[in-house]
Amino acid sequence: MSNQHDAALWQKLQEAGLVQGDMPNTDIENHPWYLRSLQGFTGWFAAWFVLASIFALFYKVLEYKELALVFGIATLSGAYFIYQKAQKSDFIGQFALAISLTGQSLCIYAWRDLLHDPIGWWLIALMSACLVWLMPSFIHRFLSSSMAIGAILLGCMDWPIVWLLPSIVVVAMAAVWLAESKWLIHSDRVRPIAYALTISALQIHSLTLLGVNGLGQLIHGRDLPAGSFLLAVNEVLLGFALVATVGMLLKRYQIGYQQPQAWLALLLATVLALVSQQATGLAVAWILIVIGFANGHRVLLALGVFVFWGYLARYYYFLNWTLLDKSYLLMATGAFLLIVRQIGQRWRQHHE
């Protein structure tokens, strides 16, 4: 029944001049998750067994940085060859992933003396960016993108711009997801980058919530760069990013700024941006919620809702008020939201 439906749909597309040639195979192999997990585990086991045997024979040679770098590049080349030439399967994919991670570790080991300066971290970021482009694997591209972003963060640790990195990464994340319709044809390469930007944005912003003292304790033994006042500027930029995101979505749906819907949306975004200056993180959460809802991404929407309640719970917990005052705040917030909902329903019924 499904094949007949696919054939009829293909014929309609041919008549409309949208496709040419014979209908491709639409049969989808659906392997049980436990078989795929077993294949992935055996791929890692086989890879580590092979690598352990090699390191047991050549561990003395790998103590030299130049040889370690050559061996790392050779290992990465082998992983690329496996991805390109071998049959696609969970076993092969995880086997190549383990080989590639080993090659990256060897390269980083060879550059260990450079990690005291930003140039070492920029080399790692460049290597990871090249692997994102070359390796045809979602997991590999996601991990390489995350490594590149982390290396850029560590490479900027001596510069004041590091305090603005959370807003920079959030803006990059929003820009990529808002342009999803333009890169769908390259989805296999761009989507893992988008998810890596999303997770990294939350991680980097969470670090800023520790404050200057908390960050100093976290990186004990290393001086923080000057310009910690930029943390407040960072939250302002995140608020602007939320308002700009709503504005871009209004433009996507061709809602003019002179229409009441646009005014209301921008007003609510501005209120949330102002609130996020006190309850830090809410702007990031609402950017995820708005983009996830607009693009129909359940993962982004669920992540945004989860992060929203996390940031809100953190603000409520650290609020220096008595429990009675906090209860009054919750009651006032609930009443305000109910009033806004009632106004919105009346306004919608009036325009309908």
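Residues numbered from 1 in each chain as written. Predicted model: local features only at pLDDT ≥ 70, side-chain atom pairs only at ≥ 80, totals over all residues. Heavy atoms only, no water.

Some remarks on the packing of helix α9 (residues 187-208) against helix α14 (residues 298-318)
Reasoning step 1: Direction vectors running N to C along α9 and α14 enclose 5°, while the axes themselves pass 12 Å from each other. Here α9 lies roughly parallel to α14, going by the angle between them. Here α9 contributes Tyr195, Thr198, Ile199, Leu202, His205 and Ser206 to the contact with α14, which in turn contributes Val299, Leu300, Leu303, Val307 and Tyr311.
Reasoning step 2: In terms of residue class, the contact of α9 with α14 is built from eight nonpolar, three polar and no charged. (Axes fitted to C-alpha atoms, helices over the stretch in contact; angles between N-to-C directions. Helix = DSSP H or I, 4+ residues; strand = E, 2+ residues; numbered from the N terminus. Parallel < 35°, antiparallel > 145°, perpendicular 65-115°, else oblique. Contact = heavy atoms within 4.5 Å. Nonpolar A, V, L, I, M, F, W, Y, C, P; charged D, E, K, R; others polar.)

Topic: the pattern of salt bridges
Two side chains bearing opposite charge may form a pair once their charged atoms approach each other closely.
Reasoning step 1: Scanning all chains against the criterion turns up two salt bridges.
Reasoning step 2: In this structure, aspartate 113 engages lysine 65 in a salt bridge whose closest nitrogen and oxygen atoms are separated by 2.7 Å. With aspartate 113 in the loop between α4 (90-110) and α5 (118-134) and lysine 65 in helix α3 (residues 65-85), this pair connects stretches of sequence that are 48 residues apart.
Reasoning step 3: Looking at aspartate 113, the relative accessible area reads 45%, which means it is partly exposed.
Reasoning step 4: Among the residues examined, lysine 65 registers a relative accessible area of 29% and is labelled partly exposed.
Reasoning step 5: Put simply, arginine 191 and glutamate 180 hold a salt bridge, and the shortest N to O gap is 3.2 Å. Linking arginine 191 in helix α9 with glutamate 180 in helix α8 (residues 180-183), this pair joins segments that are eleven residues apart in sequence.
Reasoning step 6: When its relative accessible area of 17% is taken as the criterion, arginine 191 is described as buried. (Salt bridge = Lys/Arg side-chain N within 4 Å of Asp/Glu carboxyl O. Buried < 20%, exposed > 50% of the residue type's maximum accessible area, 1.4 Å probe, protein only.)

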